[in-house]
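Spelled out, the chains give:
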Amino acid sequence: MSSDIDVSSDGAAQDGGAGVAEAPARTSDRGAATRSALLSAARDVFCEAGFAQAAVTDIVAKAGASVGSLYHHFNGKADLYLTLFEEFQGRQQERTRKAISEVRDAGESDPMRQFVAGAGAYLDGCLRERDVSRLFISGDGPPGFDRAMRQRLNKWARRNAALFHTADGGVDEALVVVLTGAMAGAVSEISLMDDEDAARTLAAEIMGILGTIRNPGTEQR
């Protein structure tokens, strides 16, 4: 690797020492850029060919990187896939959090309406990123990915449970199961539809139906 520091014939650094501190940062920036390029390329290749048929050589060629750099940043093809999944879910979680916070700040206290706001944001995220959403729903993933999906769904269900409480202060588990199951089905259908306009229409119709469900815990009070 060539140095970014200019050295005179007597070996003294000509930048007053500032370059010594900056070099690691530049190296770090290059590493981050390579990692980002590999993830972007993996996303394109996975979405086009599927996980099973995707080749590491295709990913590094598209990223303009080397096989060695891929294994420097990731453990392999499965690690790339799981990283894309976690980053997508992180964006989805942030969309949901922001939507619920906005309706709360607007004065909405009904847990069901808060849930509908968050669920709508989640579905909108699936529509915005239909390529990766479809990829993760398609069933073409690394061994054990179905378990990761179930764990993520259960984690989401636990977050949903925090919105719903029974009259005695407990959690309305039945309602959480119904809503989580409904959303899982909605995400699957919307992600796999070929017609984007039809998918958006279906999403709006699903949110309309969810909006008619009453929170039993609220009714009891």
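A quick note: this is a predicted structure, and the numbers were derived from the prediction, not measured.

Enquirer: So what exactly am I meant to see when it comes to the nonpolar core here?
Expert: The tendency in soluble globular proteins is for nonpolar side chains to be buried side by side. Counting residues in hydrophobic clusters, the biggest one holds 26 residues, and the most contacted among them are Phe115, Leu123, Phe164, Met183 and Leu210. When contributions to this core are tallied by element, the ones reaching two or more residues are α5 (111-128), α7 (145-161), α8 (173-192) and α9 (196-210). The element that contributes the greatest number of residues to this core is α5, accounting for eight residues. For Met183, the residues in contact, after removing those within four places along its chain, are Phe115, Ala119, Tyr122, Leu123, Trp156 and Leu210.

Enquirer: Help me understand the packing of helix α4 (residues 77-105) against helix α6 (residues 130-137) in this model?
Expert: In helix packing, the relevant descriptors are the interaxial angle and the interaxial distance, both defined with respect to the helix axes. Where α4 contacts α6, the axes come no closer than 11 Å and their chain directions differ by 120°. With respect to α6, the axis of α4 lies oblique. At the point where α4 passes α6, the crossing takes the left-handed sense. Where α4 approaches α6, its residues Tyr81, Leu84, Phe85 and Phe88 are matched on the opposing element by Val132, Ser133, Leu135 and Phe136. The class makeup of the residues in the contact of α4 with α6 is seven nonpolar, one polar and no charged.

Enquirer: Could you clarify how one ought to interpret the environment of Glu196 in this entry?
Expert: Here Glu196 shows up in helix α9. The spacing of Glu196 and Leu127 is 69 residues in sequence and 7.7 Å in space, taken between C-alpha atoms. Residues in contact with Glu196, not counting those within four places in the same chain, are Leu127 and Arg130.

The rules behind these values
- Residues numbered from 1 in each chain as written.
- Predicted model: local features only at pLDDT ≥ 70, side-chain atom pairs only at ≥ 80, totals over all residues.
- Heavy atoms only, no water.
- Core = buried A, V, L, I, M, F, W, Y, C linked by side-chain atoms within 4.5 Å.
- Buried < 20%, exposed > 50% of the residue type's maximum accessible area, 1.4 Å probe, protein only.
- Helix = DSSP H or I, 4+ residues; strand = E, 2+ residues; numbered from the N terminus.
- Contact = heavy atoms within 4.5 Å.
- Axes fitted to C-alpha atoms, helices over the stretch in contact; angles between N-to-C directions.
- Parallel < 35°, antiparallel > 145°, perpendicular 65-115°, else oblique.
- Left-handed = near helix turned anticlockwise from the far one by under 90°.
- Nonpolar A, V, L, I, M, F, W, Y, C, P; charged D, E, K, R; others polar.

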